[in-house]
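Working through the structure, step by step
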Amino acid sequence: MILVSGAAGKTGRTVIRALAARGAAVRAMVRRPEQVASVQELGAQDAVAGDMRDPATWIAALAGTDAVYHICPNMAPDEVAMGELALQAARRADVTHFVYHSVLHPQTEMMRHHWNKLRVEEQIFASGLPFTILQPAAYMQNLLASWDTITAEGVYRVPYTVETRLGMVDLEDVAAAAAIVLTQPGHECATYELCGPNVLTQIEVAAILARELGRPVGAETIPLEAWAQEARSAGLGDFEVQTLTDMFRYYERYGFWGNSRVLSWLLGRPPTSLATFVASVQL
Ligand SMILES: NC(=O)c1ccc[n+]([C@@H]2O[C@H](COP(=O)([O-])OP(=O)(O)OC[C@H]3O[C@@H](n4cnc5c(N)ncnc54)[C@H](OP(=O)(O)O)[C@@H]3O)[C@@H](O)[C@H]2O)c1
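Positions within a chain are numbered from 1, following the residues in the order the chain's sequence is written. For a predicted model such as this one, the threshold for reporting local features is a pLDDT of at least 70, and the threshold for listing and counting side-chain atom pairs is 80 or more; totals across whole chains, interfaces and linings nevertheless cover every residue. Water and hydrogen atoms were dropped before computing side-chain values, which therefore reflect all heavy atoms in the structure.

Structurally, A90 is set in helix α4 (residues 79-92). Sequence spacing of A90 and T65 is 25 residues, and the spatial spacing of their C-alpha atoms is 9.0 Å. In what follows, a contact means two residues having at least one pair of non-hydrogen atoms within 4.5 Å. If near-sequence neighbours (up to four positions away) are discounted, A90 is found in contact with L62, V95, F98 and L129. Per the convention used, a helix needs a DSSP run of H or I reaching at least four residues, while a strand needs a run of E reaching at least two, with both numbered from the N terminus.

Okay, structure coming up:
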């Protein structure tokens, strides 16, 4: 039995589907009882509801499992503490494989959520558990948050300069890789960067959107202060706004991308291109 934490989120749902497609037995860990039915519909055999900040949730969730795929909630200020609880319970349950959903370049201190993941990785090494660490780039699926503006207004808005170069990865590819790592032997003590094949300026991203959607789409910068104000109005808290603001500043300064060859090797095929992803979007 494989425990997937953060199971009702964007990543968790995709990982459950990928594991179910490989015939794996999955227990989903969700926050709220009303999320249980939806993860079971995706293929989880079993589900537990509880708070990841509560050690008892982890102990109950890990009982009788062989492996865990730990997905921390997005932008959690206490990701390190939650990782520690997951590892303590995994050791206690004699789990034989701890797989952690990290992020590409966790070594970047300027991005607090990346830096927190590096500290969790450090704890994993110290735990003595057989582990695999997956480090995905930013998801192509993040584009879906602004799909209405892209398709209705023909504007692709980003809070950094449109010359910023980014490499995105299809979350479906990340989940497929996670399922391979969890169901095939030989991935213990490994850290894999998971990146898509294209490194693009945001002008090039808009051009792909335009071509695949068959309508004009232009890239445009929204000033960071205006983005932060919109984010606060939409309900994002101080930690999230500050962390994302720092991330966007980092993107503008350095760009953010990696190499797709590890993901190609794991999947046994080239990772999905941005054009193929956009062409496949059905909302
Ligand atoms: N987005 C990207 O491009 C990207 C790239 C690489 C790595 N990542 C990493 O991927 C991870 C998952 O991101 P995501 O976008 O899939 O997250 P998400 O959609 O926000 O899902 C997180 C899930 O965790 C649940 N949750 C929140 N707090 C909890 C708590 N205290 N106890 C138990 N469950 C809790 C949420 O429950 P509710 O449904 O009740 O809110 C939600 O179902 C993050 O660590 C992120 O840094 C993301």
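Before going further, it helps to examine unusual backbone geometry. In this structure, H105 takes a positive phi of about 55° despite not being glycine. Structurally, the position occupied by H105 is in the loop between β5 (97-101) and α5 (112-127). A positive phi angle, near 65°, is found at C189, a position not held by glycine. Think of it in three bands: residues with accessible area under 20% of the maximum for their type are buried, residues over 50% are exposed, and the middle band is partly exposed, with areas taken using a 1.4 Å probe on protein chains only. C189 sits in the exposed class, given a relative accessible area of 60%.

The subject of this paragraph is helix α10 (residues 238-254). Each residue after the first adds 1.5 Å to the expected span of a helix. Here α10 contains 17 residues, and its C-alpha end-to-end distance of 24 Å stays within 8% of the 24 Å for a straight helix at 1.5 Å per residue. Those residues of α10 not exposed but buried are F239, V241, T243, L244, T245, M247, F248, Y250 and Y251. Next to the buried residues of α10 lie α5, β8 (165-166) and α9 (224-233). Backbone geometry just downstream of α10 places G255 in the positive-phi region, at approximately 75°.

Let us now look at the site of the ligand. As a matter of local geometry, the ligand sits amid 25 residues, with T11, Q35, M52, C72 and K117 nearest to it. A distance of 2.9 Å separates an oxygen atom of the ligand from a polar atom in the side chain of R31. Pairs of N or O atoms are called polar contacts if they sit within 3.5 Å, as long as, within protein, a hydrogen donor faces a hydrogen acceptor (for residues adjacent in sequence, only side-chain-to-side-chain pairs). R32 has a polar side-chain atom sitting 3.0 Å from an oxygen atom of the ligand. Using a 1.4 Å probe, the Shrake-Rupley method yields the accessible areas, and only the shown protein chains count as cover for residues. Look at the ligand: alone it shows 930 Å² of surface, and the protein chains cover 85% of it. Classifying every residue of the shell around the ligand by side-chain character gives 10 nonpolar, 9 polar and 6 charged. Here a residue is considered near a molecule or strand provided that any single heavy atom belonging to it is located within 4 Å of it. Put simply, Ala, Val, Leu, Ile, Met, Phe, Trp, Tyr, Cys and Pro go in the nonpolar bin, Asp, Glu, Lys and Arg in the charged bin, and everything else, Gly too, in the polar bin.

The axes used here are C-alpha line fits, helices contributing only the stretch in contact, and every angle between their N-to-C directions lies in the interval 0 to 180 degrees. At a minimum axis separation of 9 Å, helix α3 (residues 55-62) and α4 run at an interaxial angle of 40°. As far as their axial angle goes, α4 and α3 are oblique. In this structure, α3 crosses over α4, and the sense of that crossing is right-handed. Side by side, α3 and α4 meet where P55, W58, I59 and L62 of the first sit next to M82, L85, A86, A89, A90 and R92 of the second. A breakdown of the residues in the contact of α3 with α4 according to their chemical character gives 9 nonpolar, no polar and 1 charged. Convention used here: angles under 35 degrees read as roughly parallel, angles over 145 as roughly antiparallel, angles from 65 to 115 as roughly perpendicular, and any remaining angle as oblique. The crossing is said to be left-handed when, going from far helix to near helix, the turn is anticlockwise and less than a right angle, and right-handed when the turn is clockwise.

Here the focus is the pairing of strand β4 (residues 67-70). Regular strands show a simple pattern: their side chains alternate between the two faces of the sheet. Across the two faces of β4 the burial is the same, with A67 and Y69 and V68 and H70 all buried. What makes two strands pair is DSSP finding at least two bridges between them. The pairing of strand β1 (residues 2-4) with β4 spans 3 bridges and is parallel. Paired with I2 across the bridge in β4 is A67. Where β4 meets β5, 4 bridges bridge the pair, whose relative direction is parallel. The residue of β5 that forms the bridge with A67 is H97. Think of it like this: strands point away, you trace from the first strand over the helix to the second, and a clockwise trace means the crossover is right-handed. Each parallel crossover has a hand, and the one from β4 via α4 to β5 is right-handed.

Another point: the sheet that holds β4. Reading across from one edge, β3-β2-β1-β4-β5-β6-β9 is the order of the 7 strands in this open sheet, with parallel pairing throughout. Looking at the sheet topology across the chains shown, the edges are occupied by β3 (46-49) and β9 (190-194). Sheet twist, expressed as the mean angle between neighbouring strand axes with direction ignored, is 15°. Most of the contacts of helix α1 (residues 10-21) go to β1, to which it runs at about 155°, and overall it touches β1, β2 (26-30), β4 and β5. Sheet strands touched by α4: β4 and β5. Its angle to β5, the strand with the most contacts, is close to 165°.

This part covers empty space enclosed by the protein. As defined here, a cavity is a set of points on a 1 Å grid over the protein atoms alone where a 1.4 Å probe fits but cannot get out. A pocket is an open set with protein on both sides within 12 Å along at least five of seven lines, and residues line them when an atom is within 4 Å of a point. Grid points are joined across faces, edges and corners, and a volume is the space filled by probe spheres set on the points. Under the defined criterion, the tally for this structure stands at 1 cavity of 30 Å³ or more. Space inside the largest cavity adds up to approximately 30 Å³. Residue lining of the largest cavity: M140, L166, G167, M168, N198, L200, V205 and L274, and that is the complete set. Tallied by class, the residues present in the lining of the largest cavity amount to 6 nonpolar, 2 polar and no charged.

Before going further, it helps to examine the packing of aromatic side chains. Only centres within 6.5 Å qualify two rings of Phe, Tyr or Trp (six-membered ring in Trp) as a pair; their planes then separate them into stacked at under 30 degrees, edge-to-face at over 60, and tilted for everything else. Going through the model one piece at a time under the given rule, you end up with 8 aromatic pairs. The interplanar angle of 70° and the centroid separation of 5.7 Å between the aromatic rings of Y160 and Y251 together place this pair among those described as edge-to-face. In this pair, Y160 is assigned in the loop between β7 (155-158) and β8 and Y251 in helix α10, connecting sequence segments 91 residues apart. Residues Y160 and Y251 agree in their burial class; the two are buried. Arranged with centres 5.6 Å apart and planes meeting at 70°, the rings of Y192 and W265 form a pair that is edge-to-face. Taken as a pair, Y192 in strand β9 and W265 in helix α11 (residues 261-267) lie far apart in primary sequence, 73 residues in all. A relative accessible area of 9% places Y192 in the buried class. You can call W265 exposed: its relative accessible area is 53%.

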